[in-house]
Amino acid sequence: MAANEPLWRRPRHYMDADDAHDHVHWVELFFDLIHVVTIFILGNYLSHHMDWQGFWVFTGLFLAIFYAWADSSVYNSLYISTDMPHRAAMALQIVTMMFIAAAIPDVTGKGWTYFALGYALNRAITAYLYWRARCVGDATDTLAHEQGRNFFVLAGLFALSAFLPKPLAYWVFGASVALIQLQYMLPRVGTLRFARFVPRLGHISERFGLLMLILLGEGFFKLVLTLADKGVYKIGAGTFFNVAMGGLSLFALAWVYFDSAGNAKPKSRDIGVLVGYWLAHITILWSAVTIGVALAGEVYVGLLEAYPTGYGALGSVGLAVFLAALWILQRLVTEDSHACRGHSPALRLFGIVMALVVLAVHPFVPSIIGNLLWGLALFSQIAVPLFGRHVTCRILSDNSVLLLRYNST
């Protein structure tokens, strides 16, 4: 009897289980929430290093942290695993993320060793999760066996980078991060070749949606904390307007994402579609973090001052990338059956062009102008579909009435 209880039942591939579903387990939700702290500290690092070096360090660390989250998500999507060893392993992964987050502020200095070793242990735990899932009855799950081996090797490389001289340590670490993706995607040797490497698409889409909300919530946290540190009683009416604009913008980003592609499954299980869906989400989540960091700049200016250059560039590029990646993602997900949908490529292109216009002019115009132009790029993505939906629905409604009258006669 105990072997059939969730707390004692060994991991099973979801294709071998009768009770598989797409819902996210509470352990996964807790793991997701821990990344709020990590991403928040990573965003603070970018805020304090508004130069090219800081930007590339931020991007590299974001990819590494994203893969730490994503590899766990892929495992939990492939294997139903809720027993005691699994929960203990996930708890240890959460602890590794604590040390990874604490090392970020001085990651290019004395914090590097702690970051790299924490990351290596995180990868080793992922290897362990796959390794214990490799036995299915009297057979061997080749996919789990190969994934366990790959992540053990990667964990060794990450641990090695903790002790190498710089910049060699960074190159080894960066190459190992690239190998995380290659071990999935390389033709003939990557694990995408396995017929059983098909994550539960509903589960993965829900995890992406939850992470998107977490990252945008982190943007609110950063904006509020920046305002609180400055002193809400010290700012003028112009800054109040800017901060309100920042909060509404973060809400609008969630609106646009979830109305157009959020929580939608890939339209097929074709490898090209799955890889594109994966990469588009990486890009969207990266841009959500950069926009959240950039909007904290609203606290530092009034209506007539130019928006801080670093923050303005980050927000403009982030919005352009967000809309471009969302445009691609829409082409890869299942079509919404709603008759009044209006998120067209032309609308996305308009938003991208306007964001790039802001990138060019924001150092030379008052922040009120920059904010209005940036707001036009973003809020048009909501207003146009809403207007188009109203018109389309009105036409459909009128046509239905006319058709009904015609039939009645």
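All values derive from a computational prediction rather than experimental measurement.

Draft legend 1. Structural detail: the overall build of the protein. Scanning the protein for helices and strands turns up twelve helices and four strands. When each of the 409 residues of the protein is scored for burial, the buried share is 52%. Entry remark: accessible area of the protein is about 18,700 Å², with carbon and sulfur atoms responsible for 70%.

Draft legend 2. Up close: the pattern of salt bridges. In this structure the tally under the stated criterion is five salt bridges. Across the pair Asp 71 and Arg 123 runs a salt bridge whose closest N-O atoms are separated by 2.5 Å. Of this pair, Asp 71 sits in helix 2 (residues 52–78) while Arg 123 sits in helix 4 (residues 112–132), and the two are 52 residues apart along the sequence. For Arg 132, the salt bridge goes to Asp 83, with nearest N and O atoms at 2.7 Å. In this pair, Arg 132 is assigned in helix 4 and Asp 83 in the loop between strand 2 (79–80) and helix 3 (84–103), connecting sequence segments 49 residues apart. For Arg 132, a relative accessible area of 10% gives the class buried.

Draft legend 3. Up close: the packing of aromatic side chains. Taken as a whole, this structure holds 31 aromatic pairs when the rule is applied. Considering the side-chain rings of Phe 55 and Trp 286, the 5.9 Å spacing of their centres and the 85° angle between planes classify their relative orientation as edge-to-face. Of this pair, Phe 55 sits in helix 2 while Trp 286 is found in helix 9 (residues 271–295), placing the two residues 231 residues apart along the sequence. Residue Phe 55 shares its accessibility class with Trp 286, and that shared class is buried. Their ring planes at 75° and their centres at 5.1 Å tell us that Trp 112 and Phe 173 sit as a pair that is edge-to-face.

Draft legend 4. Layout of helix 11 (residues 345–361). In this model, helix 11 (17 residues) spans 25 Å end to end at C-alpha, consistent with the 24 Å of a helix rising 1.5 Å per residue. For helix 11, the full list of buried residues reads Leu 347, Arg 348, Gly 351, Ile 352, Met 354, Ala 355 and Val 358. Seen from one end, helix 11 has its buried residues packed into an arc of 165°, which puts them on one side.

Draft legend 5. Unusual backbone geometry, seen in detail. Residue Pro 167 is reached from Lys 166 by a cis peptide bond, and omega for that bond is 10°. In this structure, Pro 167 sits in the loop between helix 5 (142–161) and helix 6 (168–185). Residue Arg 188 is not a glycine yet carries a positive backbone phi of 70°. Considering the arrangement of structural elements, one finds Arg 188 in the loop between helix 6 and helix 7 (201–230). Its relative accessible area of 74% is what places Arg 188 among the exposed residues. Even without being a glycine, Asn 263 presents a positive backbone phi close to 65°.

Draft legend 6. Quick look at the nonpolar core. Counting residues in hydrophobic clusters, the biggest one holds 104 residues, and the most contacted among them are Phe 66, Phe 115, Tyr 119, Phe 208, Leu 319, Phe 322 and Leu 329. The leading source of residues in this core is helix 2, at 15 residues. One finds Leu 223, Leu 227, Ile 235 and Val 299 within the second-largest nonpolar core, a separate group that totals five residues.

Draft legend 7. Focus on the side chain of Arg 207. Structurally, Arg 207 is set in helix 7. Here Asp 32 takes part through its side chain, which lies 2.6 Å from a polar atom of the side chain of Arg 207. In this structure, Arg 207 is in contact with Val 24, Glu 28, Phe 31, Asp 32, Trp 69, Ser 73 and Asn 76, ignoring residues within four places of it in sequence.

Draft legend 8. Up close: the environment of Leu 143. One can find Leu 143 in helix 5. The sequence separation of Leu 143 and Trp 131 amounts to twelve residues, and the corresponding C-alpha distance is 9.8 Å. Excluding anything up to four places from it in sequence, Leu 143 contacts His 13, Leu 78, Tyr 79, Thr 191, Phe 194, Arg 196 and Phe 197.

Draft legend 9. Representation of the confidence of the model for the protein. For the protein, per-residue confidence averages 85 on the pLDDT scale, and 88% of positions sit at 70 or higher. pLDDT under 50 marks residues 391–409. Its contacts with residues more than four places away, or in other chains, come to three contacts.

Draft legend 10. Looking closely at a nonpolar patch on the surface. The grouping of Leu 179, Leu 182, Leu 186 and Val 189 at the surface amounts to a nonpolar patch, some 310 Å² of accessible area in total. Looking at the secondary structure, you find Leu 186 in the loop between helix 6 and helix 7.

Draft legend 11. Quick look at the environment of Phe 158. Its location among the elements puts Phe 158 in helix 5. The class of Phe 158 is buried, set by a relative accessible area of 0%. In sequence terms Phe 158 and Ala 175 are 17 residues apart; their C-alpha atoms lie 9.6 Å from each other. Aside from chain neighbours lying at most four places away, what touches Phe 158 is Ala 116, Tyr 119, Ala 120, Arg 123, Phe 173, Ser 176, Val 177 and Ile 180.

Draft legend 12. Focus on the packing of helix 2 against helix 4. Here helix 2 crosses helix 4 at 15°, and the two axes come no closer than 10 Å. As judged from the angle between their axes, helix 2 and helix 4 are roughly parallel. Judged by the sense of rotation from one axis to the other, the crossing of helix 2 with helix 4 is left-handed. Taking contact as the criterion, the partners of Leu 61, Ala 64, Ile 65, Tyr 67, Ala 68, Asp 71, Val 74, Tyr 75 and Leu 78 in helix 2 are, on helix 4, Phe 115, Tyr 119, Asn 122, Arg 123, Thr 126, Leu 129 and Tyr 130.

Draft legend 13. Region of the structure containing the packing of helix 3 against helix 4. For the pair helix 3 and helix 4, interaxial distance at closest approach is 8 Å and the crossing angle is 165°. Classified by the angle their axes make, helix 3 and helix 4 are roughly antiparallel. The handedness of the crossing between helix 3 and helix 4 is left-handed. For the pair helix 3 and helix 4, the contacting residues are Pro 85, His 86, Ala 89, Met 90, Leu 92, Gln 93, Thr 96, Met 97, Ile 100 and Ala 103 in the first and Tyr 114, Phe 115, Gly 118, Tyr 119, Leu 121, Asn 122, Arg 123, Ile 125, Thr 126, Tyr 128, Leu 129 and Arg 132 in the second. Broken down by class, the residue content of the contact of helix 3 with helix 4 amounts to 14 nonpolar, six polar and two charged.

Reading the values: the criteria
- Residues numbered from 1 in each chain as written.
- Predicted model: local features only at pLDDT ≥ 70, side-chain atom pairs only at ≥ 80, totals over all residues.
- Heavy atoms only, no water.
- Helix = DSSP H or I, 4+ residues; strand = E, 2+ residues; numbered from the N terminus.
- Buried < 20%, exposed > 50% of the residue type's maximum accessible area, 1.4 Å probe, protein only.
- Areas by Shrake-Rupley, 256 points an atom, 1.4 Å probe, with all protein chains shown as cover.
- Salt bridge = Lys/Arg side-chain N within 4 Å of Asp/Glu carboxyl O.
- Phe/Tyr/Trp six-rings, centres within 6.5 Å; stacked < 30°, edge-to-face > 60°.
- Expected span 1.5 Å × (residues − 1).
- Arc of directions from axis to C-beta.
- Core = buried A, V, L, I, M, F, W, Y, C linked by side-chain atoms within 4.5 Å.
- Polar contact = N/O pair within 3.5 Å; in protein donor to acceptor, adjacent residues only side chain to side chain.
- Contact = heavy atoms within 4.5 Å.
- pLDDT = per-residue confidence, 0-100.
- Patch = residues over 30% accessible without salt bridge, like charges linked within 9 Å, V, L, I, M, F, W, Y side chains within 5 Å.
- Axes fitted to C-alpha atoms, helices over the stretch in contact; angles between N-to-C directions.
- Parallel < 35°, antiparallel > 145°, perpendicular 65-115°, else oblique.
- Left-handed = near helix turned anticlockwise from the far one by under 90°.
- Nonpolar A, V, L, I, M, F, W, Y, C, P; charged D, E, K, R; others polar.

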